[in-house]
Every structure is written in C-alpha cells, then in structure tokens.
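# Examining the three-dimensional arrangement
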Amino acid sequence: QVQLVESGGGLVQPGGSLRLSCAASGVTFGRYYMSWYRQAPGKERELVALITNLGFSTNYADSVKGRFTISRDNAKNTVYLQMNSLKPEDTAVYYCNARLPVPGSFNYWGQGTQVTVSS
C-alpha cells in the first residue's frame, strides 16, 4: 500500500521560510519521480517542482524559481521542498506526488499540508 505523508506546513510571515517533507512508503522510492503541487482556493492544482528519480534533474514553476528548492534523500524515502522568501500568493495546500517515469503511469498523492503566508 502506497502512502505519501506530508509535513512541515504552517503559518509564516511574508519573507519567511518553511521546509516541507514528504515521507513515502510502499514504493521502491528510487524508481519514482517526485513532485510538489499546490492548490489555492478557487484555483486549479499546479506543479511547483519536480525531481527525477535519482535527483539528477529538477524543474520548477516560474513563480517559484530562485526561491524554492526540491531535494530528495532516497535512503530515507523522503522528498523535501525548501521554501524561502515566501509571498502571500504562495498560500495553498501543498501536495506530494509520486509517479514512475513511464507514460501513463499512475499518480500517487499525499493528503496535503496547508501553507499560509500572512502578516
């Protein structure tokens, strides 16, 4: 049974930082591409960052480039999202995603963690 469990969300002031974690179980973690998505109220879910299975390549949404960093520790079955210089528009529920790098592969999702950026 695949489980993705996010943690690290919370309330932070503009300009602050948070580090999200996603712990995976029930998968051969080193085979999976891992991503962070977010969904703000009234908006569609959007891709924030992706990291390939061995961590050699990453990709970011334009809105977070230079502020967010995705990383992974395959020995701990965990993916991270370091978020710096947070803005109110970063407020959203952040979801962890896992999928194999094969066209049409199934997407696994975590339950989400709320990030609120507000003074």
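One can find the structure itself at the top, above this paragraph.
Below: a short report on this structure.

Calculation criteria
Residues numbered from 1 in each chain as written. Predicted model: local features only at pLDDT ≥ 70, side-chain atom pairs only at ≥ 80, totals over all residues. Heavy atoms only, no water. Helix = DSSP H or I, 4+ residues; strand = E, 2+ residues; numbered from the N terminus. Rg over C-alpha atoms; globule rule 2.2 N^0.38 Å. Buried < 20%, exposed > 50% of the residue type's maximum accessible area, 1.4 Å probe, protein only. Contact = heavy atoms within 4.5 Å. Areas by Shrake-Rupley, 256 points an atom, 1.4 Å probe, with all protein chains shown as cover. Salt bridge = Lys/Arg side-chain N within 4 Å of Asp/Glu carboxyl O. Pairing = 2+ DSSP bridges. Axes fitted to C-alpha atoms, helices over the stretch in contact; angles between N-to-C directions.

### Topic: the overall build of the protein chain
What the protein chain contains, in helices and strands, is zero helices and eleven strands. Tracing the protein chain from N to C terminus, the helices and strands come up as β-β-β-β-β-β-β-β-β-β-β. At 14 Å, the protein chain has a C-alpha radius of gyration in line with the 14 Å of a compact globule built from 119 residues. Once the C-alpha set of the protein chain is aligned to its principal axes, its extents read approximately 40 × 25 × 25 Å. Counting all 119 residues of the protein chain, 41% fall into the buried class. Nonlocal contacts in the protein chain, meaning residues at least 24 apart in sequence, comprise 53% of its contacts between residues at least 6 apart. Of the roughly 6,300 Å² that the protein chain leaves accessible, carbon and sulfur atoms contribute 48%.

### Points about the pattern of salt bridges
Using the criterion set out here, one finds four salt bridges in the structure. Residue Asp90 pairs with Arg67 through a salt bridge whose shortest N-O separation is 2.8 Å. Taken together, the positions of Asp90 in the loop between β8 (78-83) and β9 (92-99) and Arg67 in the loop between β6 (58-60) and β7 (68-73) put the pair 23 residues apart, joining distant regions of the chain. Of the residues examined, Arg67 reaches a relative accessible area of 10% and is grouped as buried. Here the salt bridges share partners, and the residues they tie into one network are Arg38, Glu46, Arg67 and Asp90.

### Here's the deal with the sheet that holds β8
Paired through their backbone hydrogen bonds, the strands of a sheet run either parallel or antiparallel. Reading across the sheet, the four strands line up as β1-β3-β8-β7 and stay open at both edges, with antiparallel pairing between neighbours. At either margin of the open sheet sits one strand with a lone partner, and together these are β1 (3-7) and β7. Within this sheet the neighbouring strands show an average axis-to-axis angle of 15°, counted without direction. As judged from the six bridges shared by strand β3 (residues 18-25) and β8, these two strands associate in the antiparallel manner. Counterpart to Ala23 in the pairing with β8 is Thr78.

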